[in-house]
Amino acid sequence: MKVGLHISDFTWDGGAAQLAPRLADIAQRAERGGVDRISVMDHVWQIGHIGPPEHEMLEAYTALGWLAAKTERVKLLTVVTAVVYREPGLLAKAITTLDVLSGGRAILGLGAAWNEDESRGLGLFFPPLKERFERLEEALQIVKQMWSDSEKPYEGKHYQLARTLNSPQALSSPHPPILIGGSGEKKTLRLVAQYADSCNIFAHDPAEAARKLDVLRQRCSEVGRDYDEIEKTAQVRFDLGANGENVNQTVEHLHALAEAGFSQAHGTLLHVSEPGHLDRLASDVIPAAAKF
């Protein structure tokens, strides 16, 4: 099992003036420590279970561009992009640019969006849930067409593109991997089966996460997709304890997820900016997970 780092909290000592060097330092140390991928959130305000909305939040693709310049190996993505925050043609260009400038390390994380408060607050487009899922499916079709040889127009219910030209094309072959966030059984996992290279399932309870994979297997059967082609990513929370007292529990949790069928554990490391925590992830968790 591989381990990914999700950076979701930017309220660090030193304030805004220190965000750039501290973010670069965390990413570089994570890369040296064996992390497979690094992600940020696609939010413009902080979200409730991490902190109040007034806490610091960086725009996702600007932050990923900075991380691309400061790292060499790790894959880079959002967990996950809100489909209605960017027009799909522009999103495909952003991911392509990230892929080209990072040397082929971009992943497109995409979801239907949920944060109405920040959307209304900053005037971002936020239609009803049914429409967001319709737009999500159309966006998936558009990005895949833009990452192909076709420049034909796209005519959808919500999006119309006169020419799907994308130059330069991405370095990743056949295109940057597509990860769909969420585990809704009727809509989200169907879209994973039909369009995605990777799923992203909240995995606090390994048994429930395993059940979601069973549903995904069923959705793959329904659309004629090979279930084994899809990377199974578990969204977790790494709380190793102030002095590492939770390391064994964390490793056991990852082992259970690996047994359930997940090959990637991706999550926030509590206190990532404080001394010792990232080093402990690198020394005690990543090597243990690699054995599963």
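In this text, all values refer to a predicted model and were calculated from it rather than measured experimentally.

How should I be thinking about the overall build of the protein in this particular structure?
Across its full length, the protein holds 9 helices and 11 strands. A globule of 292 residues ought to have a C-alpha radius of gyration of about 19 Å, and the protein, at 19 Å, matches this closely. Once the C-alpha set of the protein is aligned to its principal axes, its extents read approximately 55 × 45 × 35 Å. In the protein, the share of contacts with a sequence separation of at least 24, taken over all contacts with a separation of at least 6, comes to 72%. Accessible surface computed for the protein: about 13200 Å², of which carbon and sulfur atoms make up 51%. Charged side chains of the protein number 31 positive and 39 negative; the gap between the two group centres comes to 4 Å.

Please clarify how the packing of helix α8 (residues 247-260) against helix α9 (residues 277-289) should be interpreted in this entry.
For any two helices packed against each other, one specifies the inter-axial angle together with the distance between the axes. Their axes nearest at 9 Å, the elements α8 and α9 cross at an angle of 30°. Classed by the angle they form, the pair α8 and α9 counts as roughly parallel. Regarding α8 and α9, the two cross each other, and that crossing is right-handed. Contact with α8, carried on its side by V247, T250, V251 and L254, involves R280, D284, V285, A288 and A289 of α9 and no other residues of that element. A class-by-class count of the residues in the contact of α8 with α9 yields 6 nonpolar, 1 polar and 2 charged.

Explain the pairing of strand β8 (residues 178-181) here, please?
Taken residue by residue, a regular strand's side chains alternate between the two faces of the sheet. Residues I178 and I180 of β8 are buried on one face, and the alternating residues L179 and G181, pointing to the opposite face, are buried as well. As paired elements, strand β5 (residues 108-111) and β8 share 3 bridges and run parallel to each other. Bridged to L108 within β8 is I178. For β8 and strand β9 (residues 198-202), the ladder comprises 3 bridges, and the chain directions are parallel. By the bridge assignment, I180 is partnered in β9 with C199. Crossover β8 to β9 through helix α6 (residues 188-195) is right-handed.

Explain the sheet that holds strand β10 (residues 231-238) to me, please; I cannot follow it from the model alone.
Across a sheet, strands are paired by hydrogen bonds formed along the backbone, either parallel or antiparallel in direction. Spatially, 9 strands are ordered β3-β2-β1-β11-β10-β9-β8-β5-β4 in an open sheet, and the strand pairing comes out parallel. Of all the strands in the sheet, the pair left with one neighbour each is β3 (75-78) and β4 (81-82). In the packing of helix α3 (residues 88-102) onto the sheet, contacts are made with β3, β4 and β5, and the angle to β5 comes to roughly 155°.

Sorry if this is basic, but what is going on with the pattern of salt bridges here?
Summed over the entire model, instances satisfying the criterion amount to 19 salt bridges. Taking the shortest distance from any N to any O, the salt bridge between D36 and R37 comes out at 3.0 Å. Neither D36 nor R37 differs from the other in exposure class; each is buried. The network of salt bridges with shared partners includes K2, D36, R37, K75 and E231.

I'm lost on helix α1 (residues 19-32) in this one. Help?
Residues lying three or four places apart along an α-helix face the same way, a consequence of the helix completing one turn every 3.6 residues. With 14 residues, α1 should reach 20 Å at 1.5 Å per residue; the first-to-last C-alpha distance of 20 Å fits that figure. Just beyond α1, the residue with positive phi is G34, at close to 105°.

Hey, could you run me through the side chain of K212 in this one?
Here K212 is to be found in helix α7 (residues 206-223). Within polar-contact distance, the side chain of K212 engages the backbone oxygen of S183 at 3.2 Å. In contact with K212, not counting residues within four places along its chain, are S183, E185, L189 and I201.

What am I meant to see in α7 here?
Taking 1.5 Å per residue, 18 residues should reach 26 Å; α7 reaches 26 Å between its end C-alpha atoms and fits that length. Buried residues in α7 make contact with α6, β9, β10 and α8. The opening residue of α7 is D205, an N-cap whose side-chain oxygen sits 3.0 Å from the backbone nitrogen of A207. G224 sits one or two residues past α7 and shows a positive phi near 75°.

Conventions used here
Residues numbered from 1 in each chain as written. Predicted model: local features only at pLDDT ≥ 70, side-chain atom pairs only at ≥ 80, totals over all residues. Heavy atoms only, no water. Helix = DSSP H or I, 4+ residues; strand = E, 2+ residues; numbered from the N terminus. Rg over C-alpha atoms; globule rule 2.2 N^0.38 Å. Contact = heavy atoms within 4.5 Å. Areas by Shrake-Rupley, 256 points an atom, 1.4 Å probe, with all protein chains shown as cover. Lys, Arg positive; Asp, Glu negative; His and termini not counted. Charge placed at Lys NZ, Arg CZ, Asp CG, Glu CD. Axes fitted to C-alpha atoms, helices over the stretch in contact; angles between N-to-C directions. Parallel < 35°, antiparallel > 145°, perpendicular 65-115°, else oblique. Left-handed = near helix turned anticlockwise from the far one by under 90°. Nonpolar A, V, L, I, M, F, W, Y, C, P; charged D, E, K, R; others polar. Buried < 20%, exposed > 50% of the residue type's maximum accessible area, 1.4 Å probe, protein only. Pairing = 2+ DSSP bridges. Right-handed = clockwise from strand over helix to strand, strands pointing away. Salt bridge = Lys/Arg side-chain N within 4 Å of Asp/Glu carboxyl O. Expected span 1.5 Å × (residues − 1). Polar contact = N/O pair within 3.5 Å; in protein donor to acceptor, adjacent residues only side chain to side chain.

The analysis is restricted to geometry; functional conclusions fall outside its scope.
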